[in-house]
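Structure at a glance
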Amino acid sequence: MKNIVVLVSGGGTNLQALIDAQESGSIQGGRITCVISSKPGVYALERAKNHDIKTRVIARKEFADSVEYSKAILEALNEEKADLVVYAGFMTILDELVVKAYPNKMMNVHPALIPSFCGKGYYGLRVHEEALKKGVKLTGATVHFVTEVCDGGPIILQKAVEVQSGDTPEVLQKRVMEQAEWKILPQAVSLFCEDRLTVKDDIVYIS
Ligand code: GAR
């Protein structure tokens, strides 16, 4: 059984999708053993507690810089004996020292079709604002392995979602979450836990 550690910073609807998938038995070979938040008091922590999942808060603002913060996160991941680390709305960029310790063992859900609308500064609602500004007719979500390049790691799963006329960033965000993120994140976690993902030359192969 793989230990899945989920990193969060906010409302935690993607965490909820993982918890629901776990409880319905669709994640074989792994279980969420700990949820770590970069902020105290966020609703994602309540979601974990409601399902008897261990929580830890490692507050970004208590650390002087990204390296010190990353060392604290790495120590926690090691203590939790993480086999898979999932960024589910985790809004802090970690130093490469964490990624190097967990190569192809950390995944992130991003609310766009990478390589569009991604990289530093593209997070949360901002991503949907930019998609609407550009007038794209299709957007979506991507689950990818985390590397030292922000949103640049090997792509595991993607799902497209239509933009509709009159969409606001909030409406589009909700559609992308419902139709894409909450589906492909649990799927990708499940594939990982079943040892069905292989990475070769930065390409993910699913068996
Ligand atoms: C989600 O849309 C997630 O894809 C996005 O933030 C939201 C968090 O919602 N993540 C990023 O933008 C990371 N670059 P949640 O806390 O309800 O899961």
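A quick note: this is a predicted structure, and the numbers were derived from the prediction, not measured.

Summed over the entire model, instances satisfying the criterion amount to three aromatic pairs. On the numbers, 5.2 Å between centres and 85° between planes, the contact of Tyr87 with Phe90 is edge-to-face. When the centroid spacing of 6.5 Å and the interplanar angle of 65° are considered together, the rings of Phe145 and Phe192 count as edge-to-face. Taken as a pair, Phe145 in strand S6 (residues 138-145) and Phe192 in helix H6 (residues 169-193) lie far apart in primary sequence, 47 residues in all. Assessed through its relative accessible area of 11%, Phe192 is described here as buried. The cationic tip of Arg126 hangs over the ring face of Tyr122; the distance from NZ or CZ to the ring centre is 5.3 Å.

Around the ligand, the structure places 14 residues, and the nearest of them are Gly12, Thr13, Asn14, Gly124 and Glu181. Val109 places a polar main-chain atom, nitrogen or oxygen, 3.5 Å from an oxygen atom of the ligand. Glu181 places a polar side-chain atom, nitrogen or oxygen, 2.6 Å from an oxygen atom of the ligand. The set of elements that each furnish at least two residues to the shell around the ligand consists of helix H1 (13-23), strand S5 (106-110) and H6.

Cut-offs applied
- Residues numbered from 1 in each chain as written.
- Predicted model: local features only at pLDDT ≥ 70, side-chain atom pairs only at ≥ 80, totals over all residues.
- Heavy atoms only, no water.
- Phe/Tyr/Trp six-rings, centres within 6.5 Å; stacked < 30°, edge-to-face > 60°.
- Helix = DSSP H or I, 4+ residues; strand = E, 2+ residues; numbered from the N terminus.
- Buried < 20%, exposed > 50% of the residue type's maximum accessible area, 1.4 Å probe, protein only.
- Lys NZ or Arg CZ within 6 Å of the ring centre and 35° of its normal.
- Near = heavy atom within 4 Å.
- Polar contact = N/O pair within 3.5 Å; in protein donor to acceptor, adjacent residues only side chain to side chain.

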